[in-house]
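Listed below are the residues making up each chain.
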Amino acid sequence: IALLVLSGIPSVVYGFYGLVVIVPTIREHLGGSGMSVLAGSVVLAIMVLPTIATISEDAIKAVPGEYREGSMALGATRWETVARVVAPAARSGITASVVLGMGRAIGETMALIMVTGNSPRFPTRITDMTRTLTGNIALEMGYAGGDHQRALFATGMVLLVFIMIVNSVAIAVSKAGDRRGK
């Protein structure tokens, strides 16, 4: 139930948590402003965890009980049953949960605007400030015109292509796993 509650929290709340807890912790232990690629990564990990966990849990619960019972009846231990029967049977659902989590992470804007420092430069270290593609579009579209606006639309197309590539790779991995499991 706690994971379901976490999945319903707006991204701005995650961003505020990042500002209040994660950014000061990074500043204290690693130096710099604390607003960084690392802070954004931690906030994204916290944000997508409920999505991945709840969908994976549903996929695992959807595996028929007969699979577990048959494995145990053949002498497999509980862990062998999970690793060799349940996980492969739930693989497509688990893969779908990871793809959905990645989709949420790629499209996230507000929380990352709040914790990455919003600096439009390429980071060279994990503690450097940066600006995400979605954050760049959100921040600059209001006043963009001409070539600037076209560049922001091109950025959106890059995001679209990237998401399509991620989904295609996930589908290919899932199909390869299905063929290997047969």
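All chains use their own residue numbering, which begins from 1 and follows the written sequence. Thresholds applied to this predicted model are a pLDDT of at least 70 for local features of residues and 80 or more for the giving and counting of side-chain atom pairs; totals over whole chains, interfaces and linings are not thresholded and use all residues. Note that the side-chain values use all heavy atoms of the structure and ignore hydrogens as well as water.

Novice: Now, about the pattern of salt bridges: what can you tell me, with residues and values included?
Specialist: One side-chain nitrogen of Lys or Arg within 4 Å of one carboxyl oxygen of Asp or Glu is enough to make a salt bridge. Overall, the coordinates contain four salt bridges when judged by the stated rule. For Lys 61, the salt bridge goes to Glu 57, with nearest N and O atoms at 3.2 Å. Pair noted here: Lys 61 and Glu 57 are both in helix α3 (residues 37-61), with a separation of four residues, about one helical turn. The class of Glu 57 is partly exposed, set by a relative accessible area of 37%. Helix numbers and strand numbers start at the N terminus; a helix is a DSSP run of H or I with at least 4 residues, a strand a run of E with at least 2. Note on exposure labels: buried denotes an accessible area under 20% of the residue type's maximum, exposed denotes more than 50%, and partly exposed covers the range between, all computed with a 1.4 Å probe on protein chains only.

Novice: Tell me about the side chain of Glu 108, and name the residues and values.
Specialist: Along the chain, Glu 108 turns up in the loop between α6 (91-107) and α7 (110-115). Here the side chain of Glu 108 touches Met 110 through a polar contact of 3.2 Å, landing on its backbone nitrogen. Residues are treated as being in contact if the distance between any of their heavy atoms lies within 4.5 Å. Leaving out residues up to four positions away in the same chain, Glu 108 has contacts with Ser 11, Leu 44, Met 47 and Thr 134. Within 3.5 Å is the distance limit for a polar contact, defined as a pair of N or O atoms, with the added protein rule that one can donate a hydrogen and the other accept it, and that residues adjacent in sequence qualify only through two side-chain atoms.

Novice: Can you lay out the packing of helix α4 (residues 65-73) against helix α5 (residues 78-89) for me, pointing to particular residues and giving the numbers?
Specialist: Where α4 contacts α5, the two axes come as close as 10 Å, and the packing angle between them is 145 degrees. Considering only the axes of α4 and α5, their crossing is right-handed. Counting all contacts with α4, which are made through Tyr 67, Arg 68, Ser 71 and Met 72, the residues of α5 involved are Arg 78, Thr 81, Val 85, Val 86 and Ala 89. For this classification, Asp, Glu, Lys and Arg are treated as charged, while Ala, Val, Leu, Ile, Met, Phe, Trp, Tyr, Cys and Pro are nonpolar and the rest, including Gly, are polar. Tallied by class, residues from the contact of α4 with α5 come to five nonpolar, two polar and two charged. Axis lines are fitted through C-alpha atoms, for helices just across the contact stretch, and the angle between N-to-C directions can take any value from 0 to 180 degrees. Should the near helix be turned anticlockwise from the far one by less than a right angle, the crossing is termed left-handed; should it be turned clockwise, right-handed.

Novice: Tell me what's going on with the environment of Glu 140, and back it up with residues and numbers.
Specialist: Turning to its location among the elements, Glu 140 is positioned in helix α8 (residues 133-140). For Glu 140 and Val 86, which are 54 residues apart along the polypeptide, the C-alpha to C-alpha distance reads 47 Å. Discounting residues that sit within four places of it in the chain, Glu 140 has contacts with Arg 131, His 148 and Leu 152.

Novice: So, helix α2 (residues 11-30): which residues are in play, and what are the values?
Specialist: A helix is expected to span 1.5 Å for every residue after the first. With 20 residues, α2 extends just 25 Å between its outermost C-alpha atoms, more than 12% less than the 28 Å of an ideal straight helix rising 1.5 Å per residue. Along its length, α2 shows its largest kink, about 40 degrees, at Gly 18. Taken as a whole, α2 has its buried residues at Ser 11, Tyr 14, Gly 15, Gly 18, Ile 22, Val 23 and Ile 26. Residues of α2 that are buried in the fold lie against α1 (2-7), α3, α6 and α7. Directly after α2, the chain includes Gly 31, whose backbone phi takes a positive value near 85 degrees. Take the seven residues that end at a residue and the seven that start at it, fit an axis to each, and the angle between those axes is the bend at that residue.

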